[in-house]
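Notes for the structure review
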Amino acid sequence: MNFKIVRYTLGKLIEFEGFLMFLPIICGIIYREKAIFSLGIVAAISIIAGRLIMYKKPQKTSIRAKEGFVITVLAWFIMSLIGALPFVISGVIKSYTDAVFETASGFTTTGASILSDLESIPHCIMFWRSFTHWIGGMGILVFMMIFLPSSADEMNIMRAESPGPSVEKMVPKVRETAKTLYAIYTVMTLVLIILLCITGMPIFDSICISFGTAGTGGFGVRSDSLASYNTFSQAIVTIGMIAFGVNFNMYFLLIKKKFSSVLKCEEVRTYLIIIVVAIALVAIGTVHGYASVPGAVHHAAFQVASIITTTGYATQDFGLWNTLPQAVLVMIMFIGACAGSTGGGLKVSRWVLYFKEIKREVQKNIHPSAVKSIRLDYKPVNEGVIKAANVFLMAYIFVFVASLLVISKDGFDLVTSFTSIAATMNNIGPGLGVVGPTGNFADYSDISKWVLIVDMIAGRLEILPVLICIAPSTWRRK
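Let me sum up the structure you'll find in this document. Every value quoted in this text rests on a predicted model; they were computed, and no experiment measured them. (Residues numbered from 1 in each chain as written. Predicted model: local features only at pLDDT ≥ 70, side-chain atom pairs only at ≥ 80, totals over all residues. Heavy atoms only, no water.)

**With respect to the overall build of the protein chain**
Our working definition: Per the convention used, a helix needs a DSSP run of H or I reaching at least four residues, while a strand needs a run of E reaching at least two, with both numbered from the N terminus. What the globule rule says is 2.2 Å times the number of residues to the power 0.38, and the radius of gyration is computed from C-alpha atoms. Whether two residues touch is decided by their heavy atoms; if any such pair falls within 4.5 Å, the residues are in contact. Under the convention used here, Asp and Glu are negative, Lys and Arg are positive, and both His and the chain ends fall outside the count. Where a charge lies is defined by one atom per residue type: Lys uses NZ, Arg uses CZ, Asp uses CG and Glu uses CD.
Per the secondary structure count, the protein chain includes 22 helices and two strands. Relative to its length of 478 residues, the protein chain is compact, with a C-alpha radius of gyration of 22 Å against a globular reference of 23 Å. Taken along the three principal axes of its C-alpha coordinates, the protein chain extends 65 × 60 × 50 Å. Here the contacts in the protein chain between residues at least 6 apart in sequence split such that 72% fall between residues at least 24 apart. Taken together, the 40 basic and 28 acidic charged side chains of the protein chain have centroids lying 13 Å from each other.

**Brief notes about a nonpolar patch on the surface**
How we decide: Each patch is built from residues that are more than 30% exposed by relative accessible area and take part in no salt bridge. Like charges join if they lie within 9 Å; nonpolar side chains (Val, Leu, Ile, Met, Phe, Trp, Tyr) join within 5 Å. Areas reported here follow the Shrake-Rupley algorithm with a probe of radius 1.4 Å; residue values treat only the protein chains shown as occluding. We define a salt bridge as a side-chain nitrogen of Lys or Arg found within 4 Å of a carboxyl oxygen belonging to Asp or Glu.
Together, Phe37, Ile41, Ile45, Leu81, Leu85, Ile89, Tyr96 and Trp450 make up an exposed nonpolar region whose accessible area comes to about 720 Å². Those elements giving two or more residues to the nonpolar patch turn out to be α3 (36-53) and α5 (85-90). With three residues, the top contributor of residues to the nonpolar patch is α3. Along the chain, tryptophan 450 falls in helix α21 (residues 446-460).

**Here we look at the nonpolar core**
The following threshold applies: Residues belong to a common nonpolar core when they are buried Ala, Val, Leu, Ile, Met, Phe, Trp, Tyr or Cys residues joined through side-chain atoms within 4.5 Å. The classification of residues rests on relative accessible area computed with a 1.4 Å probe and restricted to protein chains. Under 20% of the type maximum is buried, over 50% is exposed, and intermediate values are partly exposed.
One finds Trp128, Phe248 and Tyr271 to be the most contacted residues of the largest nonpolar core, which totals 141 residues. Setting aside anything within four residues of it in sequence, one finds tyrosine 271 in contact with Met241, Ile242, Gly245, Val246, Ile308, Thr309, Ala337, Cys338 and Val348.

**Section: helix α13 (residues 248-255)**
Selection rule: Identification of polar contacts relies on pairs of N or O atoms within 3.5 Å, with a donor-acceptor requirement for protein atoms, meaning one able to donate a hydrogen and the other able to accept it, and with residues adjacent in sequence counted only if both atoms are side-chain atoms.
Where α13 is concerned, the buried positions are Phe248, Met250, Tyr251, Phe252 and Leu253. A side-chain oxygen of the first residue of α13 lies 2.9 Å from the backbone nitrogen of asparagine 249; this N-cap is asparagine 247. Just beyond α13, the residue with positive phi is lysine 257, at close to 60°.

**Here we look at empty space enclosed by the protein**
For the record, the criterion: In this analysis, the protein atoms alone were mapped onto a 1 Å grid. Cavities are point sets where a 1.4 Å probe fits without being able to get out; pockets are open sets with protein on both sides within 12 Å along at least five of seven lines; lining residues have an atom within 4 Å of a point. Grid points are joined across faces, edges and corners, and a volume is the space filled by probe spheres set on the points. The residue classification treats Ala, Val, Leu, Ile, Met, Phe, Trp, Tyr, Cys and Pro as nonpolar and Asp, Glu, Lys and Arg as charged. All others, Gly included, are polar.
Scanning the entire structure with this criterion turns up one cavity of 30 Å³ or more. When its volume is computed, the largest cavity comes out at roughly 50 Å³. Lining the largest cavity are ten residues, with Thr342, Gly343, Gly344, Asn427 and Arg460 positioned closest to its centre. The residue makeup of the lining of the largest cavity, split by class, is one nonpolar, seven polar and two charged.

**Focus: the packing of helix α2 (residues 22-30) against helix α7 (residues 123-138)**
Basically, it comes down to this: Note on geometry: axes are C-alpha line fits, over the in-contact stretch for helices, and angles between N-to-C directions span 0 to 180 degrees. Each angle is binned into one of four classes, with values under 35 degrees roughly parallel, values over 145 roughly antiparallel, values of 65 to 115 roughly perpendicular, and all other values oblique. Take the far helix as your reference; a near helix turned counterclockwise from it by less than a right angle gives a left-handed crossing, and one turned clockwise gives a right-handed crossing.
With their axes 8 Å apart at the nearest point, α2 and α7 run at an angle of 150° to one another. By the criterion of interaxial angle, the relationship of α2 to α7 is roughly antiparallel. Between α2 and α7 lies a crossing whose hand is right-handed. Residue-level inspection shows Leu23, Pro24, Cys27 and Gly28 of α2 in contact with α7, the latter providing His123, Cys124, Phe127, Trp128 and Phe131. Taken together, the residues of the contact of α2 with α7 break down into seven nonpolar, two polar and no charged.

**Overview of the pattern of salt bridges**
The full count for this structure, using the stated rule, is nine salt bridges. Where aspartate 98 meets lysine 449, a salt bridge forms, and the shortest distance between an N and an O atom there is 2.5 Å. Linking aspartate 98 in helix α6 (residues 96-107) with lysine 449 in helix α21, this pair joins segments that are 351 residues apart in sequence. Of the residues examined, aspartate 98 reaches a relative accessible area of 15% and is grouped as buried. Aspartate 410 serves as the salt-bridge partner of lysine 409, at 3.0 Å between the closest nitrogen and oxygen. Bridged by salt links that share partners, the residues Lys347, Arg350 and Glu462 form one connected network.

**Observations concerning the state of the cysteines**
Our working rule: The rule for a disulfide is simple: a pair of cysteine sulfur atoms within 2.5 Å.
Counted according to the given criterion, the structure contains zero disulfides. Looking at the unpaired cysteine 124, the closest cysteine sulfur is the one in cysteine 27, lying at 6.3 Å.

**A word on the side chain of serine 403**
Summarising the element assignment, serine 403 is placed in helix α19 (residues 383-407). For serine 403, a relative accessible area of 5% translates into the label buried. Only 2.8 Å separates the side chain of serine 403 from the backbone oxygen of valine 399, close enough to count as a polar contact. Polar side-chain contacts of serine 403 include one of 2.9 Å to the side chain of aspartate 455.

**Things to note about the packing of α3 against α7**
Packed helices, taken two at a time, are described by the angle their axes make and the gap between the axes. Where α3 meets α7, the axes come as close as 8 Å, and the angle between the chain directions of the two elements is 50°. Between α3 and α7, the angle is such that the two are oblique. Along the contact surface, α3 presents Ile36, Ser38 and Leu39, while α7 presents Cys124, Ile125 and Trp128. Classifying every residue of the contact of α3 with α7 gives five nonpolar, one polar and no charged.

**With respect to the environment of glycine 139**
Note that glycine 139 resides in the loop between α7 and α8 (140-145). We classify glycine 139 as buried; its relative accessible area is 0%. Glycine 139 sits 39 residues away from alanine 178 along the chain, and the two C-alpha atoms are 9.6 Å apart.

**So, the packing of aromatic side chains**
This is how it is decided: Pairing of aromatic side chains here covers Phe, Tyr and the six-membered ring of Trp, requires ring centres within 6.5 Å, and sorts the geometry by plane angle: under 30 degrees stacked, over 60 edge-to-face, intermediate tilted. Ring-over charges, as used throughout, are those where CZ of Arg or NZ of Lys falls within 6 Å of the ring centre and within 35 degrees of the ring normal.
Within the structure shown, the criterion is met by 25 aromatic pairs. Seen from their ring centres, tryptophan 134 and phenylalanine 211 are 6.3 Å apart, and the 50° between their planes marks the pair as tilted. In this pair, tryptophan 134 sits in helix α7 while phenylalanine 211 sits in helix α11 (residues 203-214), placing the two residues 77 residues apart along the sequence. Here tryptophan 134 and phenylalanine 211 have matching classes, each one buried. Here the aromatic residues Phe127, Phe131, Trp134, Tyr182, Tyr185, Phe211, Phe244, Phe248 and Tyr251 are joined through ring pairs into a cluster of three or more. We note arginine 350 situated over the ring of phenylalanine 392; from NZ or CZ to the ring centre the distance is 3.9 Å.

**Brief notes about the environment of valine 381**
Note that valine 381 resides in the loop between β2 (379-380) and α19. Distance in space between the C-alpha atoms of valine 381 and phenylalanine 16 is 38 Å, their sequence separation being 365 residues. In contact with valine 381, other than residues within four places in its own chain, are Leu353, Ile374, Arg375, Leu376 and Ile386.

So, in structure tokens, the structure goes:
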């Protein structure tokens, strides 16, 4: 383990987080809020501390896969620990544990919250809260790479941080790939802000809601999430959530006019089919509760888009719906969005691989001598990718069960406890029961909240980096 490069890179990250707070400080200046001092204090401390940690640049600057995993995991925890301080210093959140929970939920784009009276929060703190979604959506370190000198070793960080079974460079250099990703991401966010403003949503709300939609996070600025906004605003957010749940490679291919490659993308096709089927089932299960069929379809589409992309916004309390639509929503919680998107969950591409693997095993038992390869997008899939997908699922189940056992001691009902883990590990936000769309996670004990914090980060980084980071062999010098 090259501890010096780990220290140096994390120092850069801490300094970087300080500069990120300048944008919410500007927001606070516009609204003339005293809470900007809490952001200013933390920003100054972060910049100074980061500089001190980077006091000496290491001679060996190579970042191997092991260092990449360690840097990535520590980065997400450190960002959450530092990012929580403005909440505590401003008095918005009294408990540091609660503040870390809120901040980790923001950076991991989970959207699970301990806050209830959102309308009383200063604009600059609310801006920082929503901005964490946008920063974490595409990846904290991927964002930082844009401003750092390019290095071939940085692909190890990108692979550790980016969601999905496999990560490839869009262009030859990693830094250029990061720039391409964030250029697409930024343009789509700006378009969403403009469209929401056109529908009559206030500019501040439009910015914060767009941050949450782009990062598929789900932090709103009103206590009822998006229920009090008009139908047009809700429809725009629905389309936005689905769009940000698509693999960003597809947008890059569209820009390059490689339409045939886009049409071959099996994952995106499956993703859209699942959404259509889920909307139909939820609408059928809830149509009796609305004045018209279009109204049922509208709210069904919003909730399906919100859950499958792991955004977590709500226009209705789906905890009050009957069993069929609730079952559909719980199922798509575990499906998630596309690999390479800002969405969470297990990812559609993995489910496609699991289905094809089952199909192959059935055919092999029927025809033992037949040689069958699994193909995705008309290309054979490397057996290493399939093995990695299987290992991820096993690790996911083990962490899920262990977490469920720990938080069950708080005495909540099984539905609440089960969906709390599902909502945090899949980076969704709301669950069912006490943690439903109209509830929050405030009543959990501090121990359970720290378990859920780890689950949020582990889910965002897809388990393996966290397990690697806690393995004793990782920390040996040789």
